[in-house]
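# Examining the three-dimensional arrangement
Take a look at the letters that make up each chain.
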Amino acid sequence: MRKGPQKLIFVMTGAWATPGGIAAENRHTLRVLTQLTLKHSFRVTVLSFLERDIDRAPFLPATVMFRGFTGSKLRLALALWRQAFARPLFVFDHVTLAKPLLPLIVLHGIRPVIFAHGSESWKRIRRVNRWLFANAMLVLTNSQFTLRKMRERIPHFNGVACPLGLAPEFESNSQPPDPSTEPLSFASANGEIRFLGERVCLLVGRMHPREREKGHYELLQVWPEIVREFGNAQLVFAGPGDDRTSIGRVARERGVGDSVFVVGELPPEVLRSLYTTCYAFTMPSKQEGFGLVYLEAMNAAKPCLGCRDDGAEDIIVDGETGLLVRDPKDADEVTAALRRLLGNPEEARTLGRRGFERLHQHFTGAHLQERLREQFVRIL
């Protein structure tokens, strides 16, 4: 019989000093584990692959040990093997971090909990990762969509959907916010500073040359037709990445550079104002395991445009909180969806209000933490 407190090792890519949706989920996970240590007899150690020792989250109590590895795979692998001798419960925020312990996992020397986030868990899954998922004690997916897709590729594994919620630091609005009284202005793709108007379609997401499935180019494909019908329509792309130059060039080539704004990564307060200012959130993406940005737009009571057979299906109820298209490369389908949103302001406002209600019913940070807490309590 085991004596003393059980030990849990949370192995993560990063949380406090790293960007992105996985880091936001990790901040929720750290809060839940911290709360559970006060109620249950186990100790928590956090190993952060990308961060440094000084990147320890400030809310972690002194009883939680934290180590950063600044991206060193060798140092992390050695630490994992040293910890494995005590047979703790390992929790990995990404399947790739579990690879050093593959022999122990396959032989059931340890049975980890592994988070699964998106297409790398099913569409481009490697054999090693399939083995890791199949031999895990529990796989926590970020959506029902990801869980369904994984079950199509991995015959037998213990998976549970744990849909995400707003990031801990993203303030949840208690009621739909009023439009900003101070107009926003940015440089258009033509290089001219212009104010944003009342028909802004917003997309927030990475702009990376190797990740061109978020809908930027599909929206540009149909945008000339949209501005011919809706002369005051504007398209704003926010987010980091090296593809901004290419996107701006395509906007100019299609003759819509004056209505397209490629604004890059924005400070949080400006991004929140942009969500409040926009008319609709339009991200017909085919690479979302979930899509936190849809929640951020719903927090501002904005209707959302997403894709079927994608993580957006978990969030957007077609015709009730937004619209879903089957194929973002189908110009007629995307054009029809944008025309419906832009041409029916009252319907768009209704969709946005219902999206706001859906967010508060299912997808706040508190909802995610309760889902995580339920799963950890069950296995501990």
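In short, a report on the structure. (Residues numbered from 1 in each chain as written. Predicted model: local features only at pLDDT ≥ 70, side-chain atom pairs only at ≥ 80, totals over all residues. Heavy atoms only, no water.)

Okay, the packing of helix H6 (residues 216-229) against helix H7 (residues 244-253) next. Packed helices, taken two at a time, are described by the angle their axes make and the gap between the axes. Between H6 and H7, whose axes approach to 10 Å, the crossing angle comes to 10°. Classified by the angle between their axes, H6 and H7 sit roughly parallel to one another. In this structure, H6 uses His216, Tyr217 and Leu220 to contact H7, whose residues at the interface are Ser246, Ile247, Val250 and Ala251. For the contact of H6 with H7, the class distribution of residues is 5 nonpolar, 2 polar and no charged. (Axes fitted to C-alpha atoms, helices over the stretch in contact; angles between N-to-C directions. Helix = DSSP H or I, 4+ residues; strand = E, 2+ residues; numbered from the N terminus. Parallel < 35°, antiparallel > 145°, perpendicular 65-115°, else oblique. Contact = heavy atoms within 4.5 Å. Nonpolar A, V, L, I, M, F, W, Y, C, P; charged D, E, K, R; others polar.)

Now for the sheet that holds strand E10 (residues 199-204). Pairing is parallel in the open sheet, where 6 strands are placed in the order E12-E11-E10-E13-E14-E15. With one partner strand each, in any of the chains shown, strand E12 (260-264) and strand E15 (322-325) form the two edges of the open sheet. With strand direction ignored, the average angle separating the axes of adjacent strands in the sheet is 25°. Both strand E13 (residues 280-282) and strand E14 (residues 304-307) contribute to a ladder of 2 bridges, which runs parallel. Looking across to E14, one finds that Phe281 is bridged to Cys304. In the packing of H6 onto the sheet, the strands contacted are E10, strand E11 (233-238), E12 and E13, and the crossing angle to E11 comes to about 165°. (Pairing = 2+ DSSP bridges.)

To continue, consider the packing of helix H10 (residues 331-343) against helix H11 (residues 345-362). In the contact formed by H10 and H11, the axes pass within 5 Å of each other and the chain directions differ by 95°. Relative to H11, the element H10 is oriented roughly perpendicular. Taking contact as the criterion, the partners of Arg340, Leu341, Leu342 and Gly343 in H10 are, on H11, Pro345, Glu347, Ala348 and Leu351. Its residues assigned to classes, the contact of H10 with H11 shows 5 nonpolar, 1 polar and 2 charged.

Moving on: the pattern of salt bridges. If you walk through the whole model with that rule in mind, you get 19 salt bridges. For Asp55, the salt bridge goes to Arg52, with nearest N and O atoms at 3.1 Å. For Arg52, a relative accessible area of 43% corresponds to the partly exposed category. For Lys149, the salt bridge goes to Asp309, with nearest N and O atoms at 3.1 Å. Placement of the pair is Lys149 in helix H5 (residues 144-153) and Asp309 in the loop between E14 and E15, with a sequence separation of 160 residues. Using a relative accessible area of 11% as the deciding quantity, one classes Lys149 as buried. (Salt bridge = Lys/Arg side-chain N within 4 Å of Asp/Glu carboxyl O. Buried < 20%, exposed > 50% of the residue type's maximum accessible area, 1.4 Å probe, protein only.)

If you trace the 7 strands from one edge of the open sheet to the other, you get E3-E2-E1-E4-E5-E6-E7, paired in parallel fashion. The open sheet has two edge strands with one neighbour each: strand E3 (65-68) and strand E7 (159-161). Adjacent strand axes in the sheet meet at a mean angle of 20° when their direction is disregarded. Relative to strand E4 (residues 89-92), strand E1 (residues 6-12) runs parallel, the two sharing 4 bridges. When the sheet's bridge partners are listed, Val11 is paired in E4 with Phe92.

The next point concerns the side chain of Thr34. Among the secondary structure elements, Thr34 is positioned in helix H1 (residues 21-37). Not counting the four nearest positions on each side in its chain, Thr34 is found in contact with Leu60 and Pro61.

If you trace the backbone, Pro168 turns up in the loop between E7 and strand E8 (185-187). Overall, Pro168 belongs to the partly exposed group, its relative accessible area being 27%. In this structure, the C-alpha to C-alpha distance between Pro168 and Gly197, residues 29 residues apart in sequence, is 30 Å. If near-sequence neighbours (up to four positions away) are discounted, Pro168 is found in contact with Ala24, Arg27, His28 and Arg31.

Here we come to the packing of aromatic side chains. Scanning the entire structure with this criterion turns up 7 aromatic pairs. Taking the centre distance of 6.3 Å and the plane angle of 80° together, the rings of Phe170 and Tyr275 count as edge-to-face. Placement of the pair is Phe170 in the loop between E7 and E8 and Tyr275 in helix H8 (residues 268-277), with a sequence separation of 105 residues. Taking 5.8 Å as the distance between ring centres and 85° as the angle between the ring planes, the aromatic pair formed by Phe281 and Tyr294 counts as edge-to-face. (Phe/Tyr/Trp six-rings, centres within 6.5 Å; stacked < 30°, edge-to-face > 60°.)

As far as function goes, none of this settles anything; it's purely spatial.
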